[in-house]
Amino acid sequence: MDCICFEPQWPADELLMKYQYISDFFIALAYFSIPLELIYFVKKSAVFPYRWVLVQFGAFIVLCGATHLINLWTFDVYTPTVAIVMTTAKVLTAAVSCATALMLVHIIPDLLSVKTRELFLKNKAAELDREMGIIRTQEETGRHVRMLTHEIRSTLNRHTILKTTLVELGRTLGLEECALWMPTRSGLELQLSYTLHQQNPVGFTVPIQSPVINQVFSTDRAVKISPNSPVARLRPASGKFILGEVVAVRVPLLHLNNFQIYDWPELSTKRYALMVLMLPSDSARQWHVHELELVEVVADQVAVALSHAAILEESMRARDLLMEQNVALDHARREAETAVRARNSFLAVMNHEMRTPMHSIIALSSLLQETDLTPEQRLMVETILKSSNLLATLINGVLDLSRLEDGSLELDSATFNLHFLFKEVLNLIKPVASVKRLYVTSSLSSDLPEYAVGDEKRLMQIILNIVGNAVKFTNEGSISISAIIAKPDSLRDPRAPDFFPLPGDNNFYMRVQVKDTGIGISQQDTPKLFTKFAESQSTASRNPSGSGLGLAICKRFVNLMEGNIWIESEGVGKGSTAIFYVKLEYPARLNESRLPHMRLQPKLGQTSFPGVKVLVVDDNGVSRTATRGLLVHLGCDVTVVSSGEECLQVITKDHKVVIMDVSLPGTESYNAARLVHDRFPKRHEKPLIITLTSNTDRSAKENLLRVGVDAVVVKPVSVEKMRTALSELLEHKKDVQ
Amino acid sequence: MDAVSQLQRQFVEHATSLYREGYLDDQFTQLLKLQDESNPDFVVEVVSLFFEDSEKLLNNLATALQQESIDYKQVDAHVHQFKGSSSSIGAQRVKNVCVVFRNYCDEKNLDGCLVCLEQAKNEYLLVRNKLEALFNLEQQILQAGGSVPMMA
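The rules behind these values
Residues numbered from 1 in each chain as written. Chains lettered and ligands numbered in written order. Predicted model: local features only at pLDDT ≥ 70, side-chain atom pairs only at ≥ 80, totals over all residues. Heavy atoms only, no water. UniProt positions renumbered as here; feature names shortened; annotations may be inferred. Helix = DSSP H or I, 4+ residues; strand = E, 2+ residues; numbered from the N terminus. Buried < 20%, exposed > 50% of the residue type's maximum accessible area, 1.4 Å probe, protein only. Contact = heavy atoms within 4.5 Å. Areas by Shrake-Rupley, 256 points an atom, 1.4 Å probe, with all protein chains shown as cover. Salt bridge = Lys/Arg side-chain N within 4 Å of Asp/Glu carboxyl O. Expected span 1.5 Å × (residues − 1). Pairing = 2+ DSSP bridges. Axes fitted to C-alpha atoms, helices over the stretch in contact; angles between N-to-C directions. Buried area = accessible area lost by both parts, 1.4 Å probe. Polar contact = N/O pair within 3.5 Å; in protein donor to acceptor, adjacent residues only side chain to side chain. Nonpolar A, V, L, I, M, F, W, Y, C, P; charged D, E, K, R; others polar. Disulfide = S-S within 2.5 Å. Parallel < 35°, antiparallel > 145°, perpendicular 65-115°, else oblique. Left-handed = near helix turned anticlockwise from the far one by under 90°. Patch = residues over 30% accessible without salt bridge, like charges linked within 9 Å, V, L, I, M, F, W, Y side chains within 5 Å. Phe/Tyr/Trp six-rings, centres within 6.5 Å; stacked < 30°, edge-to-face > 60°. Lys NZ or Arg CZ within 6 Å of the ring centre and 35° of its normal.

Looking at an unreviewed UniProt entry, chain B carries the name Histidine-containing phosphotransfer protein, with the source organism given as Helianthus annuus. Under the UniProt heading Function (unreviewed entry), the entry covering chain B gives this text: "Functions as a two-component phosphorelay mediators between cytokinin sensor histidine kinases and response regulators (B-type ARRs). Plays an important role in propagating cytokinin signal transduction."

The name that an unreviewed UniProt entry assigns to chain A is Ethylene receptor, with the source organism given as Helianthus annuus. Database annotation for chain A, UniProt heading Function (unreviewed entry): "May act early in the ethylene signal transduction pathway, possibly as an ethylene receptor, or as a regulator of the pathway."

Novice: Can you tell me about the overall build of chain B, naming the residues and giving the values?
Specialist: The helix and strand inventory of chain B stands at six helices and zero strands. Scanning chain B from its N terminus toward the C terminus, one meets helices and strands in the order α-α-α-α-α-α. Classification of the 152 residues of chain B by burial places 47% in the buried group. For chain B, long-range pairs separated by at least 24 residues make up 68% of all intrachain contacts whose partners lie at least 6 apart in sequence. Surface accessibility of chain B: about 7,800 Å² in total, with carbon and sulfur atoms responsible for 47%.

Novice: Report on the pattern of salt bridges, specifying residues and quantitative values.
Specialist: Residues and elements named next belong to chain A. Applying the stated criterion across every chain yields a total of 16 salt bridges over all chains. A salt bridge links Glu296 to Arg221, with the nearest nitrogen and oxygen atoms 3.2 Å apart. On the criterion of sequence distance, the pair formed by Glu296 in helix H6 (residues 289-370) and Arg221 in the loop between helix H5 (211-217) and strand S4 (223-225) is long-range, its members being 75 residues apart. Owing to a relative accessible area of 46%, Arg221 belongs among the partly exposed residues under this scheme. Glu314 is the partner of Arg317 in a salt bridge, and the nearest nitrogen-oxygen pair spans 2.8 Å. You can see Arg317 and its partner Glu314 sitting in helix H6, three residues apart, about one turn around the helix. Given a relative accessible area of 33%, Glu314 falls into the partly exposed group.

Novice: Which residues make up helix H11 (residues 550-560) of chain A, and what values do they have?
Specialist: For H11(A), the full list of buried residues reads A:Gly550, A:Leu551, A:Ala552, A:Ile553, A:Cys554, A:Phe557 and A:Val558. In the segment just after H11(A), A:Glu562 is the residue with positive phi, at about 55°.

Novice: Talk me through helix H14 (residues 668-679) of chain A; I want residue IDs and the actual numbers.
Specialist: Side chains that are three or four residues apart share a direction in an α-helix, a result of its 3.6 residues per turn. Given a rise of 1.5 Å per residue, twelve residues ought to cover 16 Å, and the 16 Å separating the end C-alpha atoms of H14(A) matches this to within 8%. Packed against the buried residues of H14(A) are helix H13 (644-650), strand S16 (657-661), strand S17 (688-693) and helix H15 (698-707) of chain A.

Novice: Account for the UniProt feature "modified residue: Phosphohistidine" (unreviewed entry) in chain B, naming residues and giving values.
Specialist: The UniProt record annotates "modified residue: Phosphohistidine" (unreviewed entry) at B:His80. Apart from residues no more than four positions distant in its own chain, B:His80 is found in contact with A:Ser663 and B:Arg102.

Novice: For the sheet that holds S4(A), give the residues involved together with the corresponding values.
Specialist: Residue and element names in this part refer to chain A. Here six strands make up an open sheet; going across it, the order is S3-S2-S1-S6-S5-S4 and the pairing antiparallel. Looking at which strands have only one partner, the edges of the open sheet turn out to be strand S3 (205-207) and S4. Here the average twist between neighbouring strands, direction ignored, is 30°. Here strand S1 (residues 177-183) runs beside strand S2 (residues 189-195); their pairing, made up of five bridges, is antiparallel. Bridge pairing links Leu180 to Tyr194 in S2. Packing against the sheet, H6 makes contact with strand S5 (246-252) and strand S6 (272-278), and its axis sits at approximately 25° to S5.

Novice: Tell me about the interface of chain B and chain A, and name the residues and values.
Specialist: Listed as interface residues are 27 residues of chain B and, on the opposing side, 22 residues of chain A. Of the roughly 2,200 Å² buried between chain B and chain A on both sides combined, carbon and sulfur atoms contribute 60%. The tally of links between chain B and chain A comes to four residue pairs in polar contact (both at pLDDT 80 or more). If you list the elements that add at least two residues to the side of chain B that touches chain A, you get helix H1 (2-20), helix H2 (26-34), helix H3 (42-66) and helix H4 (72-89) of chain B. Looking at the side of chain B that touches chain A, its residues break down into eleven nonpolar, ten polar and six charged.

Novice: I'd like to hear about the environment of B:Arg128, residue by residue, with values.
Specialist: Residues and elements named next belong to chain B. Tracing the backbone through its elements, the reader meets Arg128 in helix H6 (residues 110-143). Its relative accessible area of 22% is what places Arg128 among the partly exposed residues. Placed 80 residues apart in sequence, Arg128 and Ser48 show a C-alpha to C-alpha distance of 9.5 Å. With residues near it in sequence (within four places) discarded, Arg128 still touches Phe51 and Glu55.

Novice: Help me get a handle on the state of the cysteines, residues and values and all.
Specialist: Simply put, disulfide is the name for a covalent bond between the sulfur atoms of two cysteines. Residue and element names in this part refer to chain B. According to the stated counting rule, one finds zero disulfides over all chains in the structure shown. For Cys98, which is in no disulfide, the shortest distance to another cysteine sulfur is to Cys116 and amounts to 8.8 Å. Residue Cys98 is classed as buried on the basis of its relative accessible area of 0%.

Novice: Talk me through the UniProt feature "transmembrane region" (unreviewed entry) in chain A; I want residue IDs and the actual numbers.
Specialist: Residues annotated in UniProt with the feature "transmembrane region" (unreviewed entry) correspond here to residues 19-40, 52-70 and 82-108 of chain A. Helix makes up 100% of residues 19-40 of chain A and strand 0%. Its end C-alpha atoms lie 31 Å apart.

Novice: Explain the packing of H4(B) against helix H5 (residues 92-107) of chain B to me, and be specific about the residues and the numbers.
Specialist: A pair of packed helices is characterised by two quantities: the angle between their axes and the separation of those axes. All names here are of chain B. Direction vectors running N to C along H4 and H5 enclose 165°, while the axes themselves pass 9 Å from each other. Accordingly, the angle class assigned to the pair H4 and H5 is roughly antiparallel. Read as a crossing pair, H4 and H5 show a hand that is left-handed. Residue-level inspection shows Tyr72, Val75, Asp76, Val79, His80, Phe82, Lys83, Ser86 and Ser87 of H4 in contact with H5, the latter providing Val94, Lys95, Cys98, Val99, Phe101, Arg102, Cys105 and Asp106. Counted by class, the contact of H4 with H5 contains nine nonpolar, three polar and five charged residues.

Novice: Tell me what's going on with the environment of A:Tyr78, and back it up with residues and numbers.
Specialist: Residues and elements named next belong to chain A. With respect to the element layout, Tyr78 can be found in the loop between helix H2 (51-73) and helix H3 (80-153). Between the C-alpha atom of Tyr78 and that of Asp13, which follows or precedes it by 65 residues, the distance is 9.7 Å. Not counting residues up to four positions away in its chain, the partners in contact with Tyr78 are Ala83 and Met86.

Novice: Go over a nonpolar patch on the surface with me, naming the residues and quoting the values.
Specialist: All names here are of chain A. A cluster of nonpolar side chains, namely Leu15, Tyr19, Ile22, Phe25, Phe26, Leu29 and Val91, defines an oily patch on the protein surface of about 630 Å² accessible area. Among the elements that line the nonpolar patch, the one with the most residues is helix H1 (residues 11-44), at six residues. Mapped onto the secondary structure, Leu15 falls in helix H1.

Novice: Describe the packing of H2(B) against H4(B), and please don't skip the residues or the numbers.
Specialist: Residues and elements named next belong to chain B. As a packed pair, H2 and H4 sit with axes 6 Å apart at the nearest point and diverge in direction by 60°. Here H2 lies oblique to H4, going by the angle between them. On H4, the residues touching Gln27, Phe28 and Leu31 of H2 are Ser87, Ser88 and Ile89. Broken down by class, the residue content of the contact of H2 with H4 amounts to three nonpolar, three polar and no charged.

Novice: Talk me through the sheet that holds strand S15 (residues 637-641) of chain A; I want residue IDs and the actual numbers.
Specialist: All names here are of chain A. One open sheet holds the five strands; their spatial order is S15-S14-S16-S17-S18, and the pairing between them is parallel. A single partner strand is all that each edge strand has here, and the edge strands are S15 and strand S18 (711-714). Strand after strand, the sheet turns through a mean of 20° between neighbouring axes, direction not considered. In this fold helix H12 (residues 621-633) packs onto strand S14 (613-617), S15, S16 and S17, with an angle of close to 170° to the strand it touches most, S15.

Novice: Please set out the packing of aromatic side chains residue by residue, giving values where relevant.
Specialist: Aromatic rings considered in pairs are described by the distance between their centres and by the relative angle of their planes. Counted by the stated rule, this structure contains eight aromatic pairs over all chains. When the centroid spacing of 4.8 Å and the interplanar angle of 35° are considered together, the rings of A:Phe508 and A:Tyr586 count as tilted. Here A:Tyr586 lies in the loop between strand S13 (576-585) and S14 and A:Phe508 lies in strand S11 (residues 507-516), a separation of 78 residues in the sequence. Residue class for A:Tyr586 comes out partly exposed when judged on its relative accessible area of 30%. Taken together, a centroid distance of 6.1 Å and an interplanar angle of 70° make the contact between B:Phe50 and B:Tyr124 edge-to-face. Here B:Tyr124 lies in helix H6 and B:Phe50 lies in helix H3, a separation of 74 residues in the sequence. The two residues B:Phe50 and B:Tyr124 agree in class, both being buried. Members of the aromatic cluster, joined through ring pairs, are B:Phe50, B:Phe51 and B:Tyr124. One Lys or Arg, B:Arg93, reaches over the ring of B:Tyr23 and ends 4.1 Å from the middle of that ring.

Listed below in C-alpha cells is the structure:
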C-alpha cells in the first residue's frame, strides 16, 4: 500500500480505496467508542454484575479496533472483485458498527435500570415472604392458645386443668418434657407436682430461694433457663449430647379475693407455681419469640382457671359445711323440741303429783290444828302448815312460771263478776288483817262495770298477791284497795314511759291501786322487785320475802293482760303503793246463758230462768223431788205430776218446758210426748219437751227425737246439765220466734 | 269452840268416808248443791222421801217374791223404781245392787233375786244409818252454833 500522499493509480481503485479508508476509520471509531460508552454508563450505574466480562469485552473491542486501524496502513492490491467485496463488506461493517455504537448509547441505560428494578422487586418479594411467615406463625400461635385455653377452662377440676395444660403445651410446642412445680404449704420449697411423661412424680422438692427461681418469679415473661438447673433436671440422663433449651415461666396462684383489676397479678399474690418446658434434645430447635409468648399467655390462663377452680372448691366446701350445719341445727332443734315437750309433760305430771300430796298435807295439818294440842304440838303443827303452804305456793308458782316462760300460758277468757272478785279478795284477806289489826278498805269506782270478760282466776291471783304482800309487810296501819276505769289521758303514766295502752271499743283498762302503811321499800330494791328469786338486800326487812316468785308471776300475768305493774315507795318505813293496769273486755251482751259458773261456797242463788214454767213428769217420788229441787234452784216455776195422764191434764200453754222421765212404765213417755206435741200445734205455744233417760243408746235417743222431743238429757242430771239444756232450748226457741 | 270444831271434824270425816267407801256418789253432791237459803231442808226432805219409798219398795219386793207364781214383771218394776230413787239420791251401792237384781229378774232367777233382795236391804240399811248419822252431826253442829262445813 502506498502512502496517502500518493495518487492512486486508477480512479476506480482510488474510489474504492477511499471508501475503504473511510470505512476502516469509522469501524475503528465505533470499536473504540463502544467500550467507552459501556464504561461510562456502567460507572454511572451501581448495578452491573459482570465487570470482569466487561473488561474482557472492552479489551476485545479495542483490539479489534486497533486491528482495523492498523489496516489503514496496510494496503494490498487486490483484484477488483475482491477489492469490491472487501470495500462493500467494510462499508457495511462500518455502517452497522456506527449504528450499533449510536444505539448502545440509548439502550445501555435502559438495560441498567431494568436490572435495578428487578433487584428491587426481588427484595420486596423476600420481605413479603418473611412477613407472611410471621403472620402465619402468629395465627397458629393464637389458635393454639385458644385451644389450650378452651381445654383448660372447660374443666373446673384443678388436676384436670393442670394436666391438660401440660399435655396440650407438650403437643403444641412439641416438647420433650413439661413440668409444674407447686409451692409447698410452708412456702419454702417447690414441689414437683405434675409432669407430662412421668406418671407419678416422686416428690422432688427444690428450695424456693434460688437465684434461677427468683429470676423467673420476678418477671411475668417466660425466661430461658439453663438445662442444668435443678428444676430442669428431670430427664433421665440418657447420654444426649445437646440438651434441649429450657424455658420457665411463673404461674400466679391467686387467692379468691385477689381480683383487683388494676394490679393483677403483680401485687395481689405472692405465691407462684413454676412451669418448666423443655424442648427435645438433640434437635436444633430454639425457642422462638412466638412460642415464648404462647407460653406466657397459657401461664396466665392457667392462673385464672386455677383460681376459678379454687373458688368453686371453696364454695362447694362452704355449701357442704352449711348443709352439715343445717342438719345439725335441725337435729338440735328437734332435740330441743323434744326436750321442751318432755319437760312440759314432766311438769304436767309433777303438777298433779306434787299438788295432791301437798294438799293432803295442808288439809290434814289444818284439821290437826283444830284438835286438842299441847302448845309445843300446836307450834309444830303451825310450822308444818306454814311450810307446806309455802311449798305449795312455790310449787304452783314454779309450774306457772315455767309455763309463762315458754309463752305456753294462755289467758282464759270468760265473763265474771268484777265486784265479786274484789269482795272475795277482801274476805280472804280480812282474817289475816284483823289478826294484825290492820284496817282494810276497798273502793270500786262507780263506772267500773259489774261484769267483765277476762281471766278471773289469774286476775284474782294478781290482786291477792299484791294485797297479800301489802298485808304481809304491814305491821300496823291500813291497807286500801281502789279500782277505777283508767281514763285515756291518765293511761300514760310518767313513771312508766314505755307503757302505751290503747283501749278499744270493747276494752277498758282497769287501774288498781293497793296502798299500805307498811315497811316500805328502799330505792335500791325497787328495780329488783319483779325479778324472780331476787331477795331484798335490805337488812331492815325482818320478814323473809316469800318465794320471790309471786311478783314475777304477777308481772307476767299483767303483761299478758296487756297491762303494766309497778310499786312505788317513798322509802323504808314509809309504806308502799302498788299500781297495776290490766286490760279487760266489756261483756258482749248480758246473755243469761253466759252468766258465771257458780262456786260451791258462797251461794248466790243464781237465777238463770226466772219464772219459766216447767212441768215435771216422773213416777218416782224421790227422783221427782230431786228434779224439782234442781229446777227450783234454777229459778223455775215448777209443777210436778207423776204420770203421763196427769201431765196431759195439767199442761197449759203457759208451760214453757216439760221435763219427762223416760222410765215411765211402758211406752207412756212416748205417747205422752206425742200427745203433748199434738196438743199444741202452733209452734209458739208448744212447750219444749226434755226427756231424762238413763239409756245412752243412740237409737233410743233418735226415737225420742223423732216423736217430737226437743232434747234428751242423760241421767244422772246435774245442775249444769239442766241449765245447759234449758238455756240452749230457750235460746233456740227465742231465735226461732 | 273446841266442841264445834270437833263436831265439824267428825262431820267431814264421816262425809268423806261415805264417798270413799262408795255409799254415796256425785249425785248426792248435786243434791247438796241445791240446798240454799231458799231451800234449807231440801236434802233432808229428799232423803226422807227416799227412806219412805225404799221401805215400801222393799216390802213390796219381799211380798212379790214370796208368791207362788212370781210375777217377774212386777218385781222388775219395783226394782226399777228402787233403782231410780237410789240413783236420784246418789246411793251408789244400792243402785248397783238394783242393777244386778234386774238382771236376775230378766233371767227369772228366783235364788238370785232373793239374794239380791237381801243385799239390797242390807245396803239400804247401811246407807240409811250413815245418812242419819250425818244428819245428826249436822244438827249437833248447828245447835252448837257452828256452821256446817261445806264440801270443797
